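# A closer look at the structure
Read off the chains here:
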Amino acid sequence: MDDPDELAPAVRSILSAARERADAGSGESVSVASRDLSAAFERAETDGRVPVIAEVKPTSPTTDGARDDDPVALAEGMVAGGAAALSVLTEPEHFGGSVDTLERVRDAVDVPVLRKDFVVDEGQLDAVESDVVLLIARFVGDDLPDLLAAARDRGFQVLVEVHDRGELERALDAGATTVGVNNRDLAELVVDLETFESVAPGVPDDVALIAESGIGSPADVRRMRAAGADALLVGSAIMDGDVEANTRELVRAEADGDGAAEGGAVADEEDVSDTRDTTETPT
Ligand SMILES: O=P(O)(O)OC[C@@H](O)[C@@H](O)c1c[nH]c2ccccc12
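Residues numbered from 1 in each chain as written. Predicted model: local features only at pLDDT ≥ 70, side-chain atom pairs only at ≥ 80, totals over all residues. Heavy atoms only, no water.

In the nomenclature of an unreviewed UniProt entry, the chain is known as Indole-3-glycerol phosphate synthase of Halorubrum sodomense. As stated in UniProt under Pathway (unreviewed entry), the record for the chain gives "Amino-acid biosynthesis; L-tryptophan biosynthesis; L-tryptophan from chorismate: step 4/5." Regarding the chain, the UniProt comment filed under Catalytic activity (unreviewed entry) reads as follows: "1-(2-carboxyphenylamino)-1-deoxy-D-ribulose 5-phosphate + H(+) = (1S,2R)-1-C-(indol-3-yl)glycerol 3-phosphate + CO2 + H2O". (UniProt positions renumbered as here; feature names shortened; annotations may be inferred.)

### Digging into a negative patch on the surface
A cluster of acidic residues, Asp 121, Asp 142, Asp 143 and Asp 146, forms a negative patch at the surface. Residue position: Asp 142 is located in the loop between α6 (137-140) and α7 (144-153). Residue classification places Asp 142 among the exposed positions, given a relative accessible area of 70%. (Patch = residues over 30% accessible without salt bridge, like charges linked within 9 Å, V, L, I, M, F, W, Y side chains within 5 Å. Areas by Shrake-Rupley, 256 points an atom, 1.4 Å probe, with all protein chains shown as cover. Salt bridge = Lys/Arg side-chain N within 4 Å of Asp/Glu carboxyl O. Lys, Arg positive; Asp, Glu negative; His and termini not counted. Charge placed at Lys NZ, Arg CZ, Asp CG, Glu CD. Helix = DSSP H or I, 4+ residues; strand = E, 2+ residues; numbered from the N terminus. Buried < 20%, exposed > 50% of the residue type's maximum accessible area, 1.4 Å probe, protein only.)

### A word on the site of the ligand
As a matter of local geometry, the ligand sits amid 17 residues, with Glu 55, Lys 57, Glu 161, Gly 235 and Ser 236 nearest to it. Within the side chain of Glu 161, one N or O atom sits 2.7 Å away from a nitrogen atom of the ligand. Here an oxygen atom of the ligand sits 2.7 Å away from a polar atom, N or O, in the side chain of Ser 213. Its free accessible area being 440 Å², the ligand has 98% of it covered by the protein chains. Of all the elements in the fold, those that place two or more residues in the shell around the ligand are β4 (132-136) and β8 (231-234). (Near = heavy atom within 4 Å. Polar contact = N/O pair within 3.5 Å; in protein donor to acceptor, adjacent residues only side chain to side chain.)

### Regarding unusual backbone geometry
Within the chain, Leu 189 stands out as a residue other than glycine whose phi angle is a positive 65 degrees. Of note, Leu 189 is situated in the loop between β6 (178-182) and α9 (194-199). Among the residues examined, Leu 189 registers a relative accessible area of 14% and is labelled buried. Unlike most non-glycine residues, Ser 213 shows phi in positive territory, near 75 degrees. Tracing the sequence through the fold places Ser 213 in the loop between β7 (208-212) and α10 (218-226). With relative accessibility at 15%, the residue Ser 213 sits in the buried group.

### So, the pattern of salt bridges
By the definition in use, this model includes 13 salt bridges. The residue Glu 122 makes a salt bridge to Arg 154 at a minimum N-O spacing of 3.1 Å. Placement of the pair is Glu 122 in the loop between β3 (113-116) and β4 and Arg 154 in the loop between α7 and β5 (157-162), with a sequence separation of 32 residues. With its nearest N and O atoms 2.7 Å apart, the salt bridge here joins Asp 126 to Arg 154. On the criterion of sequence distance, the pair formed by Asp 126 in the loop between β3 and β4 and Arg 154 in the loop between α7 and β5 is long-range, its members being 28 residues apart. Note on Asp 126: relative accessible area 11%, which makes it buried. One salt-bridge network, held together by shared partners, links Glu 45, Arg 225 and Glu 254.

Quick look at the structure:
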């Protein structure tokens, strides 16, 4: 297990709250018929959409204020904007999430839904059904292989989150088939897109690779795709303003440029979509 002193205070507090919730588990094991995440990415690619997992994230330790619109309406807007899948925070104390929100969102859409939480104990897996669950390599330590197996036994697909090459090795050794590289350092909560660029080359081709956090503009999308991202996980930049329009802008980040190049009418890629202010992406 990670040395707690190296983590940002907010993250330490999130983890201790997660351990308390784990103790309060009901004991009943869930059994999920999950919607296939890789198939959803392929459908998006076939349609010319960048595969984006849009995150319903009412607030976070690094966001000012909270968004209290109906999460189901937000989720539907994200799907209308072309999101291949959704992510729903279920952490209640620091992210304004709930398992009830995830259930309602999953009932309302037909794309795969990732449960975003700090699962550190098998009992937490039974709190709610989702298509995919997140396991954060740094927080589960040596329990990763067991938790991965426990999640798969219940029918979940598993996204294993890493932040450096060492964690990536542990994820691959444990048999992860979907890996997310978090650009946000959970020790300091700062975002650096170079994190993905430095870890991605170590990921084998047959592993689905997701770039997570800090993606705020179509240029960031293209940067992560150029570095090997099969899909992107985006929260704040989509939650800030019109979620449908924000999602659409990121999903189309490649279509505009490619269309121009394929049509042959424009010699250089024309970057008309890059008008968002990238400096304001909250970390
Ligand atoms: O809002 P952003 O910067 O687009 O980030 C989304 C997502 O990657 C981030 O919420 C996240 C990544 N890993 C996590 C683990 C727990 C909680 C949250 C996260």
